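Reading the structure
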Amino acid sequence: FPSHDKSPLATKTLYVDSVIGNDATTYANCSKTNPWRSIDRAVWGSTSYASQNASQAAQAGDVVFVASGTYWANGSTTLDSESKWRVALNPVNSGTQNNEICFVGVGNVYIRLNANIRGPMIDAFNRNYIIWKNFIIDDYYGGSASDFGPVAFAANSNFCQLLNCEVIGHAGSYYHGYATFEGNYRLVGLEDAHDCLIKNNRIRQARNTDNTVGTQSCGRILTYDCNRNIYENNTFDDCGVAIFVKGVHAPKTQVNTIIRNNYIDNCRYGIRVISGDDTSIYQNIITNAQGADGTGIWIGFGDALRSKWINNTIVNCPRGIVLQDDGLAGGLSQVELHNNLISDCDYAIY
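Residues numbered from 1 in each chain as written. Predicted model: local features only at pLDDT ≥ 70, side-chain atom pairs only at ≥ 80, totals over all residues. Heavy atoms only, no water.

When you go through the protein chain residue by residue, the secondary structure sums to one helix and 26 strands. By the compact-globule yardstick of 20 Å for 350 residues, the protein chain fits well, its C-alpha radius of gyration being 20 Å. Its C-alpha atoms give the protein chain principal-axis dimensions of roughly 60 × 45 × 35 Å. Within the span of the protein chain, comprising 350 residues, buried residues form 57% of the whole. A sequence separation of at least 24 residues applies to 74% of the contacts in the protein chain between residues at least 6 apart. (Helix = DSSP H or I, 4+ residues; strand = E, 2+ residues; numbered from the N terminus. Rg over C-alpha atoms; globule rule 2.2 N^0.38 Å. Buried < 20%, exposed > 50% of the residue type's maximum accessible area, 1.4 Å probe, protein only. Contact = heavy atoms within 4.5 Å.)

Structure follows, in structure tokens:
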């Protein structure tokens, strides 16, 4: 484990090791030489998803170091219309400003779900100030429920972060034999999540159920009802759409998204904004869009008011930039495009 200097307000440094750990260890006694065995124990304060214990779980200000290895997590076994919200490793506690709960993988840390556990693997449902850093999440070994995916920030989750992770989607099958789906399949899904940061991740392979390149609803990052989120320095490849700022459920809003410095390759669509007012999209590189309608940047159809698209590079895409106004009030009003470089495309502006 690395050393970690805690701030004066921080609580404690905790440890998880699948080889030498013991989940019977109390919160007070958890240490580098006496770690827990499972991530479940650190997240829930117990090894039971149904019987969580907040006083025995990671607290605001704690850092949880997870030793390299493969961790098979438990979670909800109920499969119904609410399954997409039941994040398996959803911390029982929230962090606070400047005292986040931070889970850090040390080396290659693989998170997978045991059989009969359905829904997202990690992140935050109705939790604030949660950070996941340096984990490998492979949905082939999970089993996402319909209309979401393996990583979820949802239900008024605020100030959460996904950093330095690799997120891999299904390619038409699951390890446990579950039926796959493709509608709104999101490797990193955000819904009613605000002021979040998705940074320095590799996000790949959001495919159709027949293992072909995904449609626009097979997204790496796909959002609804999100405000002031930042998506930066991520690498995307092999999926339907890399970043999709999609819908709004009134009276909620989706505003002030920042999408910058991402590299997108071998996707059907690069960045699409349907409903996202005051969005800023700049200095992204998008290459090799797939399919006859493959597109680098796709703006509109809902409201993308006052969005700014600046200094992006688009190479080898059938359609460089698509502008689409649905004819409703607002539409593409005050959209700005400046200094974008478009090369080797059938259409620069479509």
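Okay, back to it.
Next up on the list: the nonpolar core. One finds Trp132 and Phe153 to be the most contacted residues of the largest nonpolar core, which totals 75 residues. Beyond its immediate sequence surroundings of up to four residues, Phe153 is in contact with Asp123, Ala124, Cys160, Gln161, Leu162, Val188, Gly189, Leu190, Glu191, Ala193, Cys196 and Ile198. (Core = buried A, V, L, I, M, F, W, Y, C linked by side-chain atoms within 4.5 Å.)

A word on the packing of aromatic side chains. Applying the stated criterion to the full structure yields 16 aromatic pairs. Note on Trp132 and Phe135: the rings are 5.3 Å apart at their centroids and 70° apart in plane angle, and the pair reads as edge-to-face. Summarising the aromatic geometry, the rings of Tyr140 and Tyr141 are spaced 4.9 Å apart at their centres and angled 80° between planes, so their arrangement reads as edge-to-face. Here Tyr140 falls in the partly exposed class, since its relative accessible area comes to 30%. For Tyr141, a relative accessible area of 19% puts it in the buried group. (Phe/Tyr/Trp six-rings, centres within 6.5 Å; stacked < 30°, edge-to-face > 60°.)

A few words on the environment of Asn312. Here Asn312 shows up in the loop between strand S21 (308–310) and strand S22 (313–315). When the C-alpha positions of Asn312 and Arg260 are compared, they lie 8.9 Å apart, and in sequence the two are 52 residues distant. Apart from the residues within four sequence positions on either side, Asn312 is in contact with Ile281, Tyr282, Gln283, Asn284, Ile297, Asn339, Asn340 and Leu341. In terms of polar contacts, Asn312 uses its side chain to reach the side chain of Asn284, at 3.0 Å. (Polar contact = N/O pair within 3.5 Å; in protein donor to acceptor, adjacent residues only side chain to side chain.)

Quick look at unusual backbone geometry now. Put simply, Ala250 and Pro251 share a cis peptide bond, and its omega is 10°. In this structure, Ala155 takes a positive phi of about 60° despite not being glycine. Position of Ala155 relative to the elements: it lies in strand S7 (residues 151–158).

Within this structure, the stated rule accounts for 13 salt bridges. Salt-bridge contacts for Asp192 lead to Lys252; the nearest nitrogen and oxygen are separated by 3.5 Å. Residue Asp192 is located in strand S10 (residues 185–194), and its partner Lys252 is located in the loop between strand S15 (235–247) and strand S16 (258–260); the two are separated by 60 residues in the primary sequence. Measuring nitrogen to oxygen at the nearest pair gives 2.9 Å for the salt bridge that ties Arg228 to Asp195. Of this pair, Arg228 sits in the loop between strand S13 (218–224) and strand S14 (230–232) while Asp195 sits in the loop between S10 and strand S11 (197–199), placing them 33 residues apart in sequence. On the basis of relative accessible area, Arg228 is assigned to the partly exposed category, the value being 40%. For Asp195, a relative accessible area of 23% puts it in the partly exposed group. Overlapping salt bridges, with partners in common, bring together Lys84, Asp147, Arg186 and Glu191 in one network. (Salt bridge = Lys/Arg side-chain N within 4 Å of Asp/Glu carboxyl O.)

Let us look at the pairing of strand S5 (residues 130–133). The pairing of strand S3 (residues 101–113) with S5 spans four bridges and is classified as parallel. Bridge pairing links Val104 to Lys133 in S5. With three bridges joining them, S5 and strand S8 (residues 161–163) adopt parallel strand pairing. Its bridge partner being in S8, Ile131 is matched across the sheet by Gln161. (Pairing = 2+ DSSP bridges.)

Taken together, Trp72, Tyr140 and Tyr175 make up a surface patch of nonpolar side chains, about 290 Å² in accessible area. You can see Tyr175 is positioned in the loop between strand S9 (166–168) and S10. Judged by its relative accessible area of 45%, Tyr175 falls in the partly exposed class. (Patch = residues over 30% accessible without salt bridge, like charges linked within 9 Å, V, L, I, M, F, W, Y side chains within 5 Å. Areas by Shrake-Rupley, 256 points an atom, 1.4 Å probe, with all protein chains shown as cover.)

Applying the stated criterion across every chain yields a total of zero disulfides. Cysteine Cys196 is unpaired, with the sulfur of Cys160 as its nearest cysteine sulfur at 5.0 Å. Cys196 sits in the buried class, given a relative accessible area of 1%. No disulfide involves Cys239; its sulfur sits 3.8 Å from that of Cys267, the nearest cysteine. (Disulfide = S-S within 2.5 Å.)

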